[in-house]
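Chain by chain, the residues:
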Amino acid sequence: MRVFAFGLGYSARRILARLPGVEAAGACRDPESARAWRRDGVDAWSVDDEAGRRAIAETLAASEILLVSAPPSQSGDPALGGFAASIAAAHALQRVVYLSSVGVYGDCSGAWVDESRPPAAASPRAKLRLAAEQRWMAFGQARGVAIDALRLAGIYGPGRSLLERLLSGEARRIVKPGQVFNRIHVDDLAAIAAAVITAAGPGGIWNVADEEPAPPQEVVAFAAELLGVAPPPEEDFATARLTPMAASFYNDNRRIDVGKLRRELGYRWLYPTYREGLQALAAAGEGRPGA
């Protein structure tokens, strides 16, 4: 299997690691990052380098799976925007796995949301995600290529969790009554993406989240207890001083239904809730100095 990844970053590294034996190639922006990936056995190239762009186009021609994790910008999806002709001409392409966001659902007033719910993206970020997702779906329909849109909850994992943010003093315990969030451990995300790829189904939309939406202040308190530190004080959302970006996350309230993953892929979570995920990270020394 030949896999090409647009956006060689935190999630893509773990997804590719779940696909042993594949021929992996990919694109990123930073030339030094591309060189580091090549040292790790991934045929990686920078999209900002002319020779790299030529190599990307040549490699795409023989790729069977396209993994797209690069975020969209005001210019649209960077893969389709910069390499539409090469992707359209990729004769071996069978499947595209696009990493989208649960943000495309918009605010659901705390209701449970499955994949049948029509998207109602409200924030600028979510609207860009939805537009990119829809463009990939249209490409798949036109080309007869399976498209899987993985709508992701907030990703956490090694080096990117509340444990680090607590010890750095960045974590806050914002309280907005009735507000809940889902999240997803990066290892569950990687395992789900690998399962979607290897199952070789017809494509579709997948909610990718843990099994327990929870109030964010409770998650912060649990993480603090694991580290044996005092949790930050509770702050009322109505009066808390938040950046516009931070405040925007509280505009959408929903509970993500992941029953489709259980029914159609038989998936069983490595970390069903934030508790198992944070406990595993704490046991591995995450968040501790020198970890």
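Note that this is a predicted model, so its numbers are computed, not measured.

**A look at the overall build of the protein chain**
Counting its secondary structure elements, the protein chain contains 11 helices and 13 strands. Here the C-alpha radius of gyration of the protein chain, 19 Å, is about what a compact globule of 291 residues would show, namely 19 Å. For the protein chain, the C-alpha atoms occupy an extent of roughly 55 × 45 × 35 Å along the three principal directions. Taking all 291 residues of the protein chain together, 50% fall into the buried category. Long-range contacts, defined as pairs at least 24 residues apart, comprise 78% of the intrachain contacts of the protein chain with a sequence gap of at least 6. Here the protein chain displays about 13300 Å² of accessible surface, and carbon together with sulfur accounts for 52% of that area. Here the protein chain holds 33 positive side-chain charges and 33 negative ones, and the gap between their average locations is 3 Å.

**Side note on the side chain of Ser100**
On the secondary structure map, Ser100 appears in strand S5 (residues 95-101). The class of Ser100 is buried, set by a relative accessible area of 4%. Only 2.7 Å separates the side chain of Ser100 from the side chain of Glu133, close enough to count as a polar contact. Not counting the four nearest positions on each side in its chain, Ser100 is found in contact with Arg129, Glu133, Leu150, Arg151 and Leu152.

**What to know about the nonpolar core**
Judged by nonpolar contacts, the single largest core of 41 residues is most densely connected at Leu150 and Val208. Ignoring anything within four residues of it in the chain, the contact list for Leu150 reads Val97, Tyr98, Leu99, Ser100, Ser101, Leu189, Ala193, Trp206 and Val208. If you look at the next biggest cluster of nonpolar residues, it comprises 22 residues, including Ala25, Ile56, Leu80 and Phe139.

Conventions we followed
Residues numbered from 1 in each chain as written. Predicted model: local features only at pLDDT ≥ 70, side-chain atom pairs only at ≥ 80, totals over all residues. Heavy atoms only, no water. Helix = DSSP H or I, 4+ residues; strand = E, 2+ residues; numbered from the N terminus. Rg over C-alpha atoms; globule rule 2.2 N^0.38 Å. Buried < 20%, exposed > 50% of the residue type's maximum accessible area, 1.4 Å probe, protein only. Contact = heavy atoms within 4.5 Å. Areas by Shrake-Rupley, 256 points an atom, 1.4 Å probe, with all protein chains shown as cover. Lys, Arg positive; Asp, Glu negative; His and termini not counted. Charge placed at Lys NZ, Arg CZ, Asp CG, Glu CD. Polar contact = N/O pair within 3.5 Å; in protein donor to acceptor, adjacent residues only side chain to side chain. Core = buried A, V, L, I, M, F, W, Y, C linked by side-chain atoms within 4.5 Å.

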